[in-house]
Amino acid sequence: MPLTDTHGPTLQGTFVQLLVRGLLAGLLAGLLAGAVAYVVGEPHIDSAIAIEEAAGADDHHTDSAPAAHSHGDEDPLVSRDGQRVGLFLATGLAGLALGAIFASALHYGRRFSSLPGSVLALVGAGAGWVAIEAVPFFKYPANPPAVGDPETITQRTWLWLATVILGLLAVAIGIYIAKAVASQHSVAIRVGAPLLAFLVVVGIGYALLPGVNEVGSDFPATLLWEFRLSSLATQATLWLTLGLAFAFLTDRAVRPIRREAVTA
């Protein structure tokens, strides 16, 4: 396969080079996402925990005094300060893992695309965000700590994984349809056909998957909405930074090739 075409350099480098590029981009994306989660999301988590603790205190008043005293002596395994520090560790490690997976996907995807390397990275990041974040989010949006029944956490986890698979399938079908209609002269067909296919697959999946609504009527709607927006902003930061950083590193990698081509 040629390394360049009329549109510009395609994705350059061996798999190891792409992997290193992905790890660097993923680490940066994870740390920035952690910063957004710390600034935007942590205050809402604190508010949700305060509501949960207040509800627990009210429940203790209805119990016997010895039982309430015994429960009150229990301390969390990790303090809130420890959780805040662990937030950056968790998002950094998640970014590294995501960067490695992203680089592997681009390494495979470049065989079927003639897009310039940086454009392919941005398109891949956008598709990844839609499949892995947007599709699951609009079916099962994130909830703060005070929301949800602990006994259903396994079920909710499996349902979330099902929506991730649904998102990946919908994006894959959309890409397949886009390649199938790429020769069409109508822009409406080239854009509308893959978008319609994506929406149909997602709509069918949403209809088949059960709904989950464990938000109590007494939980503040504003706090819930703001928490979900902060979760969406965190994930958008992760994927946007991953795509931009990988595209930047890709452009830097192809500069020597461009210079050699100009010199020749």
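As a reminder, the structure under discussion sits directly above these lines.
All values derive from a computational prediction rather than experimental measurement. All residue numbers refer to position in the chain's written sequence, counted from 1. This being a predicted model, a pLDDT of at least 70 is required before a residue's local features are given, and a value of 80 or more before pairs of side-chain atoms are given or counted; all residues contribute to the totals for chains, interfaces and linings. Side-chain measures here rest on the full set of heavy atoms in the structure, leaving out hydrogens and waters.

Moving on, we get to the overall build of the protein chain. Secondary structure follows DSSP: runs of H or I at least 4 residues long count as helices, runs of E at least 2 residues long count as strands, and numbering of each begins at the N terminus. Helix and strand counts for the protein chain come out as seven helices and two strands. When the helices and strands of the protein chain are placed in sequence order, the string is β-β-α-α-α-α-α-α-α. Accessibility here uses a 1.4 Å probe with only protein chains present; expressed as a share of the type maximum, an area under 20% marks a residue as buried, one over 50% as exposed, and anything in between as partly exposed. Counting across all 264 residues of the protein chain, residues that qualify as buried make up 33%. Across the protein chain, contacts joining residues at least 24 apart in sequence account for 84% of those joining residues at least 6 apart. As displayed, the protein chain has an accessible area near 15,600 Å², and 68% of this comes from carbon and sulfur atoms. By definition, residues are in contact when any of their heavy atoms lie within 4.5 Å. Accessibility throughout is a Shrake-Rupley quantity obtained with a 1.4 Å probe, and a residue counts as covered only by protein chains that appear here.

Residues spaced three or four apart along an α-helix point in a common direction, a consequence of the helix completing one turn every 3.6 residues. An expected span of 1.5 Å times one less than the residue number is assigned to each helix. Between its terminal C-alpha atoms helix H6 (residues 187-208) stretches 32 Å, which fits the 32 Å expected from 22 residues at 1.5 Å a residue. Inspection of H6 places Pro194, Ala197, Phe198, Val201, Val202 and Gly205 among the buried residues, and these make up the whole buried set. Those residues of H6 that are buried lie in contact with helix H4 (117-139) and helix H5 (153-180).

A few words on H5. Compared with an ideal rise of 1.5 Å per residue, which puts 28 residues at 40 Å, H5 spans 41 Å between its outermost C-alpha atoms and is within 8% of the ideal. Those residues of H5 that fall on the buried side of the exposure criterion are Leu159, Thr163, Val164, Leu166, Gly167, Ala170, Val171 and Gly174.

Moving on: the nonpolar core. Nonpolar cores are built from buried Ala, Val, Leu, Ile, Met, Phe, Trp, Tyr and Cys residues. Side-chain atoms within 4.5 Å join them into one set. Counting residues in each nonpolar core, the largest one holds 18 residues, and the members touching the most others are Leu11, Phe102, Leu106, Leu238, Trp239, Leu242 and Phe246. When residues of this core are traced back to their parent elements, those giving at least two are helix H1 (15-62), helix H3 (80-109), H4 and helix H7 (221-263). Among the elements that take part in this core, H7 stands out by supplying six residues, more than any other. Discounting residues that sit within four places of it in the chain, Leu106 has contacts with Leu11, Leu120, Ala121 and Phe246. Core analysis: the second largest hydrophobic core is formed by eleven residues, Leu159, Ala170, Phe198 and Val201 among them.

Looking now at the packing of H4 against H6. The geometry of H4 relative to H6 is characterised by a closest axis approach of 11 Å and an angle of 45° between their N-to-C directions. Judged by the angle between their axes, H4 and H6 are oblique. When you trace H4 past H6, the crossing you get is right-handed. Counted together, Val130, Ala134, Val135, Phe138 and Lys139 of H4 and Phe198, Val202 and Tyr206 of H6 form the full contact between these two elements. For this scheme, ten residues count as nonpolar: Ala, Val, Leu, Ile, Met, Phe, Trp, Tyr, Cys and Pro. Four count as charged, namely Asp, Glu, Lys and Arg, and the remainder, Gly too, count as polar. Tallied by class, residues from the contact of H4 with H6 come to seven nonpolar, no polar and one charged. Lines fitted to the C-alpha atoms define the axes, with helices restricted to the stretch that makes contact. Angles between their N-to-C directions range from 0 to 180 degrees. Angular relationships are summarised with four words: roughly parallel below 35 degrees, roughly antiparallel beyond 145, roughly perpendicular across 65 to 115, and oblique for the angles in between. A clockwise turn of the near helix away from the far one marks a right-handed crossing, whereas an anticlockwise turn of less than a right angle marks a left-handed crossing.

Another point: the packing of H4 against H5. Running from N to C, H4 and H5 cross one another at 135°; their axes reach a closest spacing of 8 Å. Put simply, H4 runs oblique to H5. Taken as a pair, H4 and H5 cross one another with a handedness that is right-handed. The residues of H5 that touch H4, namely those facing Ala127, Val130, Ala131, Ile132, Val135, Pro136 and Lys139, are Trp160, Thr163, Val164, Leu166, Gly167, Leu168 and Val171. Considering only residue class, the contact of H4 with H5 consists of eleven nonpolar, two polar and one charged.

All right, on to the packing of aromatic side chains then. Ring pairs are drawn from Phe, Tyr and Trp, using the six-membered ring of Trp, whenever the two centres fall within 6.5 Å, and their geometry is named by plane angle: stacked under 30 degrees, edge-to-face over 60, tilted for the rest. Using the criterion set out here, one finds four aromatic pairs in the structure. Aromatic side chains Tyr38 and Phe88 sit 5.9 Å apart centroid to centroid with 45° between the ring planes, which places their arrangement in the tilted category. Within this pair, whereas Tyr38 is found in helix H1, its partner Phe88 is found in helix H3, the two being separated by 50 residues in sequence. Phe88 sits in the partly exposed class, given a relative accessible area of 30%. When the centroid spacing of 5.4 Å and the interplanar angle of 90° are considered together, the rings of Phe137 and Phe138 count as edge-to-face.

Just geometry here; none of it tells us what the structure is for.
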